[in-house]
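Topology and contacts: notes
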Amino acid sequence: MSENGISLWIRALKYVLQRDKDSISLLKQTASFLNIELLVLDHDSKVLWGDAEKEYSYSVDLVCDRLRLGVVKYSNASGSFLVDLIKTLLTKEFEKKRIGKEVLSLYREINMIYGLSEMISEKIDTASIAEIALQESSQIIGSTHGLFLTYDPDEDEVTKLASFGDNPNSERNIKDQNEILKSLILKGNAAIVPENRIKDNLSIQHLKAVMYAPLKVKHRTLGMVILGHKEKKEFTAAELKLLTTIALQTAAAIESAHLYQKGLKEARDREEAIRVIHEVTQKFVPSEFIKSLGKAKITEISLGDLTEREVTVVFADIREFTTISEGLSPKDNFLFVNGFNNRMGPIVRKNEGFIMQYLGDGFMALFPKGPQSALNASVEMHKVLHEYNKERVLKKRLPVKIGVGMQNGNLIMGITGDSNRLDAAIISDTVNTAARIEGLSKHYGTSILLTKECKDKLTNQQAFNFRFLGPVQVKGKQKSIDLYECINGDDDSLFDHKLQTMSTFNDAMSYYFNKEFAMAAVAFQEIFKLNTMDQTSKLFLNKSAHLITQEIEDNWKGIELMNTK
């Protein structure tokens, strides 16, 4: 038995005889009832129980699990019963301590594995992942040597990705034993190498103990992790299982790194993750939607329930979502979108709105109380993201930006489908227009874009700052819509710039719609030079410069024609 096991038995014995009140009381009562004098000595002859000065007729070794823990002396033959009782109490206490120690050890291992998972998940290059995996493995499982090997099926070659410990012939040994290593990798089994096989293998003769585990992901094996010790040591089955767990986690990280670098499978998985998100969210109906139908619970709704309401529809979309998600595994992509929704959802609800539908990289929200609530929420969403982006910059992650578009109007809210499948639905041209406005926010380079109808319905316009962007005619519409940019959602420097140049911008727009394109171009250029992040000014600068050379019809109204959705 190991020293740890012996120590555990001794601690259990001392606890039963000297600290556990229930055990002590039981032994005293039994000894008194049987009229027995009892003496217990530990393996160092120290008194644990009784009086060493008294005479005792009987003496037996206290043995548990073939381990001599001490001596028990007693005054008459009935004392053997007390010896059995001590052994019973001792065995139970030993089991409790052993289980507690195993649980504590398991807890520590889980924490260490969790820490490893966090560290390797932040890496996207395979060499760094391999080095971290070996370093953590050597700390969790005592070892003096380690080797991280990968197998390239295209080259049919096993190569070293990382290692530690002195082995000057490592590269040559790997090359000489390429076929053997490839065979072990493809078998995908974990094992502790027998001592005789270590002695027979020239490449590992400098070690006294060796074990290995495969880097398995799905139904493929990417390589293997080998740990060794230069001193005589017996790796246990538990340590092999732990190495296998570490190898599995590392294999997943290696696979993610491969997918990131190649940009193939990850893209398909990412699209699948977004599709799953979309499908899952379609299964739920917002409670606010149910209340709008005059119902308290979803079980009260029925096919055909409907109501007509005037609401403000808001579409929000994550800008450059593809670029951000390229650096994420499918799981992290899911968590990123979910984290975004977790930040935005409470803001919508706080401002008396609700998410009607999640759209993978964005969402559609309804605000029954009108555009004031919708605009408050839109500005707050941007402010929260500005603070969140400060954290992301420190972690060297891309900032998250959104575009928001909104429209106000009547729509039909109701339950559609058939007797076996119900779904919440909204039917209105307002929704289509709001979606188009959100799309136009990309074109105009704005963070928040709204129609004149929305702006006119605000109960407190003075709480916000706007720039008029002119009329636009979106695809499928006969009439143009006047658009306004709300600048309150911009970061502080861009907001200050737009606020300070507001007068110049308004003059520039007047020049533009009065067909004084040269004057407009000069004014827009002046604004853009002050802050090149003002994409709206850049857009109108380019438009003005282009129109200077064009023949303009007399009935030109400056209406932007958008032929795409």
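Residues numbered from 1 in each chain as written. Predicted model: local features only at pLDDT ≥ 70, side-chain atom pairs only at ≥ 80, totals over all residues. Heavy atoms only, no water.

1. Thoughts on the environment of Ile140
Mapped onto the elements of the fold, Ile140 is located in helix 4 (residues 126-140). A sequence separation of 106 residues divides Ile140 from Ile246, and the C-alpha atoms of the two residues are 9.9 Å apart. (Helix = DSSP H or I, 4+ residues; strand = E, 2+ residues; numbered from the N terminus.)

2. Here we look at the nonpolar core
Nonpolar side chains tend to gather and get buried jointly when the protein is soluble and globular. The biggest cluster of nonpolar side chains holds 34 residues, and the ones touching the most others in it are Phe363 and Met406. Listed by contribution, the elements that provide at least two residues to this core are strand 10 (306-318), helix 11 (321-325), helix 12 (330-350), strand 12 (362-367), helix 13 (371-394), strand 13 (402-418), strand 15 (448-451) and strand 17 (481-486). Counting residues per element, this core draws most heavily on helix 13, which supplies seven residues. With sequence-adjacent residues up to four places away left out, Phe363 is seen in contact with Val314, Phe315, Ala316, Phe340, Asn341, Met344, Val348, Ile355, Gln357, Tyr358 and Met381. One finds Ile129, Ala133, Ala162 and Leu242 within the second-largest nonpolar core, a separate group that totals 29 residues. (Core = buried A, V, L, I, M, F, W, Y, C linked by side-chain atoms within 4.5 Å. Buried < 20%, exposed > 50% of the residue type's maximum accessible area, 1.4 Å probe, protein only. Contact = heavy atoms within 4.5 Å.)

3. Regarding the sheet that holds strand 3 (residues 58-64)
Spatially, the four strands line up as an open sheet ordered 2-1-4-3, and their pairing is antiparallel. Either end of the sheet is taken by a strand with one partner, and the two such strands are strand 2 (47-49) and strand 3. Pairwise comparison of adjacent strand axes, ignoring direction, gives a mean angle of 30 degrees for this sheet. Sheet topology places strand 1 (residues 38-42) next to strand 2; two bridges connect them, and they run antiparallel. Following the sheet pairing, Leu41 is matched in strand 2 by Val47. (Pairing = 2+ DSSP bridges. Axes fitted to C-alpha atoms, helices over the stretch in contact; angles between N-to-C directions.)

4. A closer look at unusual backbone geometry
Despite not being glycine, Glu352 has its phi angle at roughly 65 degrees, a positive value. Mapped onto the elements, Glu352 comes out in the loop between helix 12 and strand 11 (354-358). Phi is positive for Lys396, which is not a glycine, with a value near 60 degrees. Looking at where Lys396 falls in the secondary structure, it is placed in the loop between helix 13 and strand 13.

5. Here's the deal with the sheet that holds strand 6 (residues 157-164)
Strand pairs in the sheet, formed through backbone hydrogen bonds, run parallel or antiparallel to each other. One open sheet accounts for five strands, arranged 6-5-9-8-7; its pairing is antiparallel. Of all strands in the sheet, those bounded by a partner on one side alone are strand 6 and strand 7 (191-192). Bridge count for strand 5 (residues 145-152) against strand 9 (residues 220-229) is six bridges, and the pairing is antiparallel. Following the sheet pairing, Leu147 is matched in strand 9 by Ile226. Packing against the sheet, helix 4 makes contact with strand 5, strand 6 and strand 9, and its axis sits at approximately 55 degrees to strand 6. Those strands touched by helix 8 (residues 237-262) are strand 5, strand 6, strand 7, strand 8 (209-217) and strand 9, and its axis lies near 35 degrees from that of strand 8.

6. Some points on the packing of helix 12 against helix 13
When two helices pack together, their arrangement is given by the angle between the helix axes and by the axis-to-axis distance. Viewed as axis vectors pointing N to C, helix 12 and helix 13 meet at an angle of 145 degrees, and their least axial separation amounts to 9 Å. Viewed along their axes, helix 12 and helix 13 form a crossing whose handedness is right-handed. Contacts from Phe336, Phe340, Arg343, Met344, Ile347, Val348 and Lys350 in helix 12 reach Ala377, Glu380, Met381, Val384, Leu385, Tyr388 and Arg392 in helix 13. Along the lines of polarity and charge, the residues of the contact of helix 12 with helix 13 split into 10 nonpolar, no polar and four charged. (Left-handed = near helix turned anticlockwise from the far one by under 90°. Nonpolar A, V, L, I, M, F, W, Y, C, P; charged D, E, K, R; others polar.)

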